[in-house]
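In case you want the letters, here they are:
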There are 2 protein chains.
Amino acid sequence: MDFQPLTPELVAAFEQIVGEAYVITAQRIEAEAYADYGRDHTEDLHFAPDVVLRPANAEQISKIVRLCHEHYVPITARGAGTGLSGGALPVHHGVVLLTDRLNRIIEIDERNLQVTVEPGVVNQALQDAVRERGLFYPPDPASKGSCFLGGNLSQSSGGPKAVKYGVTKDYVLNMQVVLPTGDIIWTGANTLKNATGYNLTQLMVGSEGTLGIITCVVFRLIPYPQQSILMLVPFRREEQAAEAVSETFRAGIVPSGMEFMEREAIEWSARYLNIDIKLPADIRAHLLIELDGQDLDQLYKEAEQVYAVLEKYDVGDILLADTAAQKDELWKIRRNIGNAVRYNSVYKEEDTVVPRAELPTLLKGVKEIGQRYGFKSVCYGHAGDGNLHVNIIRGDFDDDMWNVGLRKPITEIFELCVKLGGTISGEHGIGLVQKQYIGIALPEANLALMRGIKKVFDPHGIMNPGKIF
Amino acid sequence: MDFQPLTPELVAAFEQIVGEAYVITAQRIEAEAYADYGRDHTEDLHFAPDVVLRPANAEQISKIVRLCHEHYVPITARGAGTGLSGGALPVHHGVVLLTDRLNRIIEIDERNLQVTVEPGVVNQALQDAVRERGLFYPPDPASKGSCFLGGNLSQSSGGPKAVKYGVTKDYVLNMQVVLPTGDIIWTGANTLKNATGYNLTQLMVGSEGTLGIITCVVFRLIPYPQQSILMLVPFRREEQAAEAVSETFRAGIVPSGMEFMEREAIEWSARYLNIDIKLPADIRAHLLIELDGQDLDQLYKEAEQVYAVLEKYDVGDILLADTAAQKDELWKIRRNIGNAVRYNSVYKEEDTVVPRAELPTLLKGVKEIGQRYGFKSVCYGHAGDGNLHVNIIRGDFDDDMWNVGLRKPITEIFELCVKLGGTISGEHGIGLVQKQYIGIALPEANLALMRGIKKVFDPHGIMNPGKIF
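Residues numbered from 1 in each chain as written. Chains lettered and ligands numbered in written order. Predicted model: local features only at pLDDT ≥ 70, side-chain atom pairs only at ≥ 80, totals over all residues. Heavy atoms only, no water.

**With respect to the side chain of D385 of chain A**
Thought 1: Looking at the element boundaries, D385 of chain A is found in the loop between strand 17 (377-382) and strand 18 (387-393).
Thought 2: Within polar-contact distance, the side chain of D385 of chain A engages the side chain of K193 of chain B at 3.0 Å.
Thought 3: Sequence-distant contacts of D385 of chain A, defined by excluding residues within four places in its chain, comprise G159, A162, V163, V353 and V354 of chain A together with L192 and K193 of chain B. (Helix = DSSP H or I, 4+ residues; strand = E, 2+ residues; numbered from the N terminus. Polar contact = N/O pair within 3.5 Å; in protein donor to acceptor, adjacent residues only side chain to side chain. Contact = heavy atoms within 4.5 Å.)

**Focus: the UniProt feature "domain: FAD-binding PCMH-type" (unreviewed entry) in chain A**
Thought 1: In this structure's numbering, the residues bearing the UniProt feature "domain: FAD-binding PCMH-type" (unreviewed entry) are residues 45-224 of chain A.
Thought 2: As annotated, residues 45-224 of chain A comprises 22% helix and 23% strand, and the C-alpha atoms at either end are separated by 39 Å. (UniProt positions renumbered as here; feature names shortened; annotations may be inferred.)

**Focus on the environment of D128 of chain B**
Residue and element names in this part refer to chain B.
Thought 1: Of note, D128 is situated in helix 4 (residues 123-131).
Thought 2: Since its relative accessible area comes to 41%, D128 is described here as partly exposed.
Thought 3: Counting along the chain gives 42 residues from D128 to G86, while the straight-line C-alpha distance between them is 28 Å. (Buried < 20%, exposed > 50% of the residue type's maximum accessible area, 1.4 Å probe, protein only.)

**Focus on the sheet that holds strand 1 (residues 23-24) of chain B**
Residue and element names in this part refer to chain B.
Thought 1: Within the open sheet, the 4 strands sit side by side as 1-2-4-3. Their pairing is mixed. One side of each edge strand has no neighbouring strand; the edge strands of this open sheet are strand 1 and strand 3 (75-78).
Thought 2: In this sheet, strand 4 (residues 95-98) lies alongside strand 3 in parallel orientation, the contact comprising 4 bridges. Looking across to strand 4, one finds that T76 is bridged to V96. (Pairing = 2+ DSSP bridges.)

**Re unusual backbone geometry**
All names here are of chain A.
Thought 1: In the Ramachandran plot, N274 falls in the positive-phi region, its phi being about 60 degrees despite a non-glycine side chain.
Thought 2: Mapped onto the elements of the fold, N274 is located in the loop between helix 9 (263-272) and strand 14 (285-293).
Thought 3: Phi is positive for N464, close to 45 degrees, though the residue is something other than glycine.
Thought 4: Among the secondary structure elements, N464 is positioned in the segment after helix 17 (444-457).

**Regarding the pattern of salt bridges**
Thought 1: Across all of its chains, the model carries 61 salt bridges over all chains by this definition.
Thought 2: As a salt-bridge pair, E427 of chain B and K193 of chain A come within 2.9 Å of each other at their nearest N and O atoms. One end of the pair, E427 of chain B, is in the loop between helix 15 (407-419) and helix 16 (438-441); the other, K193 of chain A, is in the loop between strand 9 (184-186) and helix 7 (200-204), on a second chain. There is no split in this pair, since E427 of chain B and K193 of chain A are both buried.
Thought 3: As a salt-bridge pair, R284 of chain B and E264 of chain B come within 3.9 Å of each other at their nearest N and O atoms. A residue pair is termed long-range when its members are at least 10 positions apart, and R284 of chain B in the loop between helix 9 (263-272) and strand 14 (285-293) and E264 of chain B in helix 9 qualify at 20 residues.
Thought 4: Given the relative accessible area of 17%, E264 of chain B is considered buried.
Thought 5: By sharing partners, the salt bridges in this structure join E238, E264, R284 and K376 of chain B into a single network. (Salt bridge = Lys/Arg side-chain N within 4 Å of Asp/Glu carboxyl O.)

**Notes on helix 13 (residues 359-373) of chain B**
All names here are of chain B.
Thought 1: A rise of 1.5 Å per residue sets the reference length of helix 13, with its 15 residues, at 21 Å; its end C-alpha atoms lie 21 Å apart and thus fit the reference within 8%.
Thought 2: Within helix 13, the full set of buried residues consists of L359, P360, L362, L363, G365, V366, I369, G370 and Y373.
Thought 3: Just downstream of helix 13, G374 is the residue with a positive phi angle, here 75 degrees. (Expected span 1.5 Å × (residues − 1).)

**Re the packing of helix 8 (residues 238-250) of chain B against helix 10 (residues 296-310) of chain B**
All names here are of chain B.
Thought 1: In the contact formed by helix 8 and helix 10, the axes pass within 10 Å of each other and the chain directions differ by 135 degrees. It follows from the interaxial angle that helix 8 and helix 10 lie oblique. As for the relative orientation of helix 8 and helix 10, their crossing is right-handed in sense. Residues A244, E247 and T248 of helix 8 form the contact with helix 10, whose participating residues are V306, V309 and L310.
Thought 2: Within the contact of helix 8 with helix 10, the residues separate by chemical class into 4 nonpolar, 1 polar and 1 charged. (Axes fitted to C-alpha atoms, helices over the stretch in contact; angles between N-to-C directions. Parallel < 35°, antiparallel > 145°, perpendicular 65-115°, else oblique. Left-handed = near helix turned anticlockwise from the far one by under 90°. Nonpolar A, V, L, I, M, F, W, Y, C, P; charged D, E, K, R; others polar.)

**Focus on the domain arrangement of chain A**
Interfaces are often sized by the accessible area lost when the parts come together.
All names here are of chain A.
Thought 1: Per the domain assignment, the segments making up chain A are domain 1 (8-101), domain 2 (105-223), domain 3 (227-338) and domain 4 (341-441).
Thought 2: Placing the centre of domain 2 and that of domain 4 at their C-alpha centroids yields a distance of 28 Å.
Thought 3: The junction of domain 2 with domain 4 conceals about 560 Å² of combined surface from both sides, 42% of it contributed by carbon and sulfur atoms.
Thought 4: In terms of surface lost to domain 4, no three residues of domain 2 exceed Q155, V163 and E208, which account for 60% of the buried area on that side.
Thought 5: Linking domain 2 with domain 4 are 0 salt bridges.
Thought 6: Its residues assigned to classes, the side of domain 2 that touches domain 4 shows 3 nonpolar, 5 polar and 1 charged. (Domains from an automatic or database assignment. Buried area = accessible area lost by both parts, 1.4 Å probe.)

**Remarks on the relation of the copies chain B and chain A**
Thought 1: In screw terms, the move from chain B to chain A is a rotation of 180 degrees and a rise of 0.0 Å along the axis, fitting with an RMSD of 0.0 Å. The superposition of one copy onto the other is thereby described by a two-fold rotation axis. (Least-squares fit on C-alpha atoms with pLDDT ≥ 70 in both.)

**Focus: the packing of helix 8 (residues 238-250) of chain A against helix 13 (residues 359-373) of chain A**
Residue and element names in this part refer to chain A.
Thought 1: Running from N to C, helix 8 and helix 13 point in directions that differ by 155 degrees, and their axes come no closer than 8 Å. Here helix 8 is positioned roughly antiparallel relative to helix 13, judged by the angle of their axes. The way helix 8 lies across helix 13 gives a crossing that is right-handed. Along its contact with helix 8, which presents E238, E239, A242 and E243, the element helix 13 presents L359, P360, L363 and K364.

Listed below in structure tokens is the structure:
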């Protein structure tokens, strides 16, 4: 890739397009504030953009992209910067394009159960807006209070509800995208079914900003499930918690949440949140199980079936959360594990995913690898999807071991995932930090196709370069 | 495209690969039997293959494809030949590759709720096999008794259950594919979530055999819904039937089937099946509504909610099917409309799809266009998905009007779909017969991307040439 440097002429042209107030350079704001545009939630990585642009709409983005294309200047779209694989980091510098001004919920179409929305809308804001109309947008990553829908689309984000309702990709009907050449297209149609040509919508979802910049999206919605039951189930053995997950599904129950948390994960998060929680000494792990629907009696029936499954295992006292406050607190603990780990220690998070029933084997393998290489890991995640977040704690590792030496055990963890029928990222994406491992999951024939597709969309290779492969 | 003719040397090489018994030529079987390999269920089209091959596995397919690639010989995969857009027709002749010998259900993984299956398995055979284990594979096109899963994947087929459970694409986790160069890849991983590189799985699904030949697939399964209720609702006005569809969803109910049938559709199908059905004179259309789940009491509650919605409309006596026999008969009528229309008359079927609430407008538009151009149409389809099958009856049209003159009204119908936020195919694919209309749904920028992707996968353009674009 032969990128060209950003010239003052180009900066002037960008000012013409978006207005001077929306062109941010290192000279114009505080150093620390500027540095933030070169970071996300991935470890402690930083890459400085040459300029940060805040366009207002697709037309401005098209003009910006066209200039970058013509002048071979890298351009990286950035949402809220909550990514965990370094996907929004401008590793080749150039332009960072913020989508924060594209933040309108354009239309909630109650007749068709669809919503048209811009990429800079916060996930939670969309959820709240549609819930007021009795509608539900299920994908809910842990960062839902701050992450943007554009980022969710770029990584095909999941969240706890994915086990019943699917991930971001399962709700997109159609997207407006600015291609790396500057052309603006819609990828599909606003329909539940579409057999009209190749599925560009699904090609774009999860492509981590390397194939285009999403400027508008049509999501399908479903009726809001009015009732829910939440239970916290303590296990004396981690593997049994993992085993109970697939047993529950085999019993014909599809929970709307099925979260696994190691003892440490709960303890760290509760401490981080100043919540007083006392776990009996013999408890090693928990499952947080949510059932939802329109009818509470029905949910209690299902809960009984879940109890019947759990009876087979060595579980402690099950906490059934009755009140909204109790439920909120339990979910808050779950959602803040990532923050708590980040607060406690430098760490690397691996987004491992395997077929659901292989989770016990994966968990055992991760711990065994940790023991051999001398690291502690805090594990938690979406057990119903077989998606285990493995947080490797830095502990006493020196820079060399942390930055280089750990590659070996991480490789072993990923090789185990693939051996079990899984892969190296379930919902965080490959981005920058997992790029070195992609060969474990994907052979050269697959990567060659992906590179070929990238070239079709982005002949000058300007869009979010240095990611995925 | 400069294709090369099939040489005797190539035929000999194919015999080496698959064995002489599995190489079928026009000289070796009855003319009529051979001609069948050049037809599918699309109108009365026929294109003769130069040779028909019946390989046993992916390795043989890889060798065949590699030869075709090297020698620039067209190759078209063919499942059961039930397609409705001419997708399996060898319009450039060359090799037709049958997948009928790849017909094993390799593994039903009850622990992970997954099944590994070959493309030549009949849809219904898979459904039956997993149902024995209490599991459910929902996609069920009308031709489910004969169509192959490979064909379902190539068109991302739907069916009545799609409204609640989604279409074929929503159940594929991973596919083994022989690429047009002969390379064999797996497109993804056997996991519910996957954020590892571009989504080749979803790119392949619905690509109508133009990007590779599917040789194995891993589907996810769900618990089988043990209970269901089926009701046939007669309407005195077609538009009200269509309106009631989106009202039902707005009331928070997600039926597992929501089929629309014009009066003629039911009458023709019942007559075709020799079923005695008497419709009151004032009934113009029906909705067939199915509710399913694990709990019958719960379903009766939901049925009451549906009744409450229907009260707003001018409906006749609702038939609630209680027994399995009654339900089967109603579904049989619905499933055989296509066959009945085919039996009654030469026809063209358009697979229109719009956002669900736009269905009344589409239906009205189709009838109005028919009146202007002087044709009768029989309309039915998956109203819950906004997917209306429009069957244009030949009637007295001469060849010229039928083959050329009808393009204008069909164009108008498709333009209406797009104007309403829809597109020109919901589940049948573009194939050969809708190719001339694709520009209505997709602008040149989209088509250029698709052609570029095609070229990446298939540099010699040998695989199912002449389809989609």
